[in-house]
Amino acid sequence: LAIGAGLALSAATGLSPSAQVAAPVAAPVVGQDAAPAVVVADPVIVATYPHDSAAFTQGLLWHDGALYESTGREGQSQIRRLTLTSGLVEASAALPAEQFGEGLALWGDTLVSLTWTDKVVHRWDLATLAPIDTRAFPFEGWGLTEDGTHLIASDGSSTLRFLDPETLEVAREVVVTLGGREVDQLNELEFIDGQIVANVWHTGFLLFIDPASGVVRQVADLRPLAEANRMADPDAVLNGIAWDADGQRLFVTGKLWPRLYEIRLEPRE
Ligand code: DDQ
Ligand code: CA
């Protein structure tokens, strides 16, 4: 039984989910003794950078001194290389106009990108962004990342799929739970220090997920950033997590947000 992300978040953390999502108070769950503790963390802004406020951000990653971003919406879906400090698009490639771009991951010297409901996955040359090939994919595409062995994909449900990077076959699946309840609407992903980090669609929360069990160990409350970037367009939500492993820098942004942040997380007292 998948219940709303908001319910699971509020039950497990005592946090109301979001200004944008109703905050029902979940009934106490019986037999929660086994439910693991969830750490709540708050962001400290280390740096603020410009971000293209026309970019409907669907995927974000850092590699070798640059940000790579995939954008969505039909007719506006692109793969982009960005300069961090200026936010400028240094190179870009367009998806077919009828397609809706989604998650983005790096595999070798290729970028792999999902589409929402177009049932295809694209590969792009990392250096030139030239298209390499397009393969069939049976699932909705939301977020994408990789753990060095598999691609990891979300589809808006509580299930994450580990995919063979060459064949796209499903090697295994994990169901994400928070305080013993399934949490769905998992969207953009990033693999950070052995954990899968996901933002939950239409909330200001990041979940830090144990890839073996699906259990959420930490929730980062980025609602202040979401609030600071709230637009008239209700689709302008937190979406975009990138990790610079060498520099140990965490970047976040959102769809249509004019800003991209480097943040550090501090456990709440
Ligand atoms: N997703 O990225 C969460 C998978 C989809 C976002 C879609 C938001 C705009 C939907 C507009 C749909 C019009 C048919
Ligand atoms: Ca990412």
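Predicted model, so just to flag it, every value in this text is computed and none were measured.

What counts as what
- Residues numbered from 1 in each chain as written.
- Chains lettered and ligands numbered in written order.
- Predicted model: local features only at pLDDT ≥ 70, side-chain atom pairs only at ≥ 80, totals over all residues.
- Heavy atoms only, no water.
- Helix = DSSP H or I, 4+ residues; strand = E, 2+ residues; numbered from the N terminus.
- Contact = heavy atoms within 4.5 Å.
- Areas by Shrake-Rupley, 256 points an atom, 1.4 Å probe, with all protein chains shown as cover.
- Salt bridge = Lys/Arg side-chain N within 4 Å of Asp/Glu carboxyl O.
- Buried < 20%, exposed > 50% of the residue type's maximum accessible area, 1.4 Å probe, protein only.
- Donors = N, O, S within 2.8 Å, 3.2 Å for Na, K, Ca; no water.
- Tetrahedral: all angles 85-135°; square planar, octahedral: opposite > 155°, others 65-115°.

## With respect to the overall build of the protein chain
Looking only at helices and strands, the protein chain has two helices and 23 strands in total. Considering only residue pairs separated by 6 or more positions, the protein chain has 54% of its internal contacts joining residues 24 or more positions apart. In the structure as shown, the protein chain presents an accessible area of about 10,900 Å², 53% of it carried by carbon and sulfur atoms.

## Observations concerning the pattern of salt bridges
Following the criterion strictly, the structure yields 14 salt bridges and no others. Two residues, Arg 123 and Glu 166, come together in a salt bridge whose shortest N-O distance is 3.7 Å. With a gap of 43 residues between them, Arg 123 in strand β9 (residues 120–125) and Glu 166 in the loop between β13 (159–163) and β14 (170–175) connect regions that are remote in the sequence. Ionic pairing is found between Glu 227 and Arg 230, a salt bridge with its closest N-O pair at 3.2 Å. What makes Glu 227 partly exposed here is its relative accessible area of 43%. Look at Arg 230 and you get partly exposed, because its relative accessible area is 44%. Within this structure, Asp 42, Asp 221, Arg 223 and Arg 268 form a network of salt bridges that share partners.

## A look at the coordination of the calcium ion (ligand 2)
Around the calcium ion (ligand 2), the protein supplies Leu 60 (O), Glu 188 (OE), Glu 188 (OE), Leu 189 (O), Glu 190 (OE) and Ile 241 (O) as donor atoms, at distances of 2.3 to 2.8 Å. Relative to the metal, the six donor atoms surrounding the calcium ion (ligand 2) lie at angles of 48 to 172 degrees, and the coordination shape comes out irregular. Here the donor residues of the calcium ion (ligand 2) are spaced in sequence according to L-x127-E-L-E-x50-I. Of this pair, Leu 60 sits in strand β3 (residues 57–63) while Leu 189 sits in strand β17 (residues 186–192), placing them 129 residues apart in sequence. Both residues of the pair, Leu 60 and Leu 189, belong to the buried class.

## Notes on the environment of Asp 233
Its location among the elements puts Asp 233 in the loop between α2 (223–228) and β21 (238–244). Exposure remark for Asp 233: the relative accessible area of 25% places this residue in the partly exposed category. Linking Asp 233 and Val 89, residues 144 residues apart in sequence, is a C-alpha distance of 23 Å. The contact partners of Asp 233, leaving out residues within four places of it in the chain, are Arg 73 and Leu 256.

## As for unusual backbone geometry
At Arg 73, a position not held by glycine, the phi torsion is positive, near 80 degrees. Its place among the elements puts Arg 73 in the loop between β4 (66–71) and β5 (78–82). Of note, the phi angle at His 202 is positive, near 65 degrees, even though the residue is not glycine. In this fold, His 202 is placed in the loop between β18 (195–200) and β19 (205–209).

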